[in-house]
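Summary of the model geometry
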Amino acid sequence: MALIRALLLGLLVTQPAHALSCLRADAVRSYLDRAERPDQVVLLGTFDFTPGALDRPDGTMTRIPEDKQVAGQFRGEDLLTGTRIEGPITVVSHCMASWCGNMVPGIHLAFGTQTAAGLVVSVDPCGTAAFPDPDMASLARLERCMVDRDCEILE
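Throughout what follows, the structure given in this document is the object of discussion. Residue positions are counted from 1 within each chain, in the order its sequence is given. Local features in a predicted model are, by the rule used here, given only for residues with pLDDT of at least 70; side-chain atom pairs are given and counted only at 80 or more, and totals for whole chains, interfaces and linings are based on all residues. Hydrogen atoms and water are omitted, and side-chain values are computed over all heavy atoms in the structure.

1. Some details on the pattern of salt bridges
Our working rule: Salt bridge, as used here: a side-chain nitrogen of Lys or Arg that lies within 4 Å of a carboxyl oxygen of Asp or Glu. Strands are runs of DSSP state E lasting at least two residues, helices are runs of H or I lasting at least four, and both sets are numbered from the N terminus onward. Only protein chains enter the area calculation, which uses a 1.4 Å probe; residues under 20% of their type maximum are buried, those over 50% are exposed, and those in between are partly exposed.
In this structure the tally under the stated criterion is 4 salt bridges. Between Arg141 and Asp26 there is a salt bridge, with the nearest N and O atoms lying 2.5 Å from each other. Note that Arg141 is positioned in helix 3 (residues 136-148) and Asp26 in the loop between helix 1 (2-13) and helix 2 (27-34), a separation of 115 residues in sequence. The pair formed by Arg141 and Asp26 is uniform in burial state, with each residue classed as buried. Salt bridges linked by common partners bring Arg144, Asp150 and Glu152 together as one network.

Encoded structure:
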């Protein structure tokens, strides 16, 4: 009996651990990763939607959760075009394994797309699409990258 327990314990211990590995979230890297997309928007402003709408239940998940989306309002600017925007937006929480992206209402620098249905920001668990309360230094680095092609990526 002890031998069987030891074997079963050994099998459990040797199972692979799954973890999400992300690079440091950086606005310049996020911009460069999406720069070739003609439908890209770089939004700076206020995102307003129901607080907690993208939250997921706590606990161990046995399968990859479905993407979750919430409709909201955006008021701000597309930094790529300098266009002032005020209107509807969809925020989509995308999952990888049991980790899901999240976003809360408030001021964000966010990378999204302009679709036929409207503006969409898809947030991932690595935090590469939305940066809450961006500081002036990060915005200045992003502007230098977008305008002067002087793209400093933080490691």
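Once the structure has been displayed, the description carries forward.
2. Here we look at the packing of helix 2 against helix 3
Put simply, the rule is: To get an axis, fit a line to the C-alpha atoms, keeping to the stretch in contact for a helix; angles then go from 0 to 180 degrees between the N-to-C directions. By the definition adopted for this analysis, an angle is roughly parallel if under 35 degrees, roughly antiparallel if over 145, roughly perpendicular if from 65 to 115, and oblique otherwise. For any pair of crossing helices, the crossing counts as left-handed if the nearer helix is rotated counterclockwise from the farther one by less than a right angle, and right-handed if it is rotated clockwise. Should any heavy atoms of two residues lie within 4.5 Å, those residues are counted as being in contact. Note that Gly is not counted as nonpolar here; it falls among the polar residues with everything else outside the nonpolar set of Ala, Val, Leu, Ile, Met, Phe, Trp, Tyr, Cys and Pro and the charged set of Asp, Glu, Lys and Arg.
Contact geometry of helix 2 with helix 3 gives a least axis separation of 9 Å together with a crossing angle of 30°. In terms of their interaxial angle, helix 2 and helix 3 are classed as roughly parallel. The handedness of the crossing between helix 2 and helix 3 comes out as right-handed. Contacts between helix 2 and helix 3 involve Ala27, Val28, Tyr31 and Leu32 from the former and Arg141, Leu142, Cys145 and Met146 from the latter. Each residue belonging to the contact of helix 2 with helix 3 can be placed in one class, and the counts come to 7 nonpolar, no polar and 1 charged.

3. Focus: helix 2
The line we're drawing: Definition of a polar contact: a pair of N or O atoms within 3.5 Å, with one able to donate and the other able to accept a hydrogen when the atoms are protein atoms, and with sequence-neighbouring residues admitted only if both atoms are side-chain atoms.
Here helix 2 lies mainly inside the structure; 6 of its 8 residues are buried. Restricting attention to buried positions, one finds in helix 2 the residues Ala27, Val28, Arg29, Ser30, Tyr31 and Arg34. Among the structural elements, strand 1 (40-48), strand 6 (106-115), strand 8 (130-132) and helix 3 are those in contact with the buried residues of helix 2. Between a side-chain oxygen at the N-terminus of helix 2 and the backbone nitrogen of Val28 the separation is 3.3 Å; the capping residue is Asp26.

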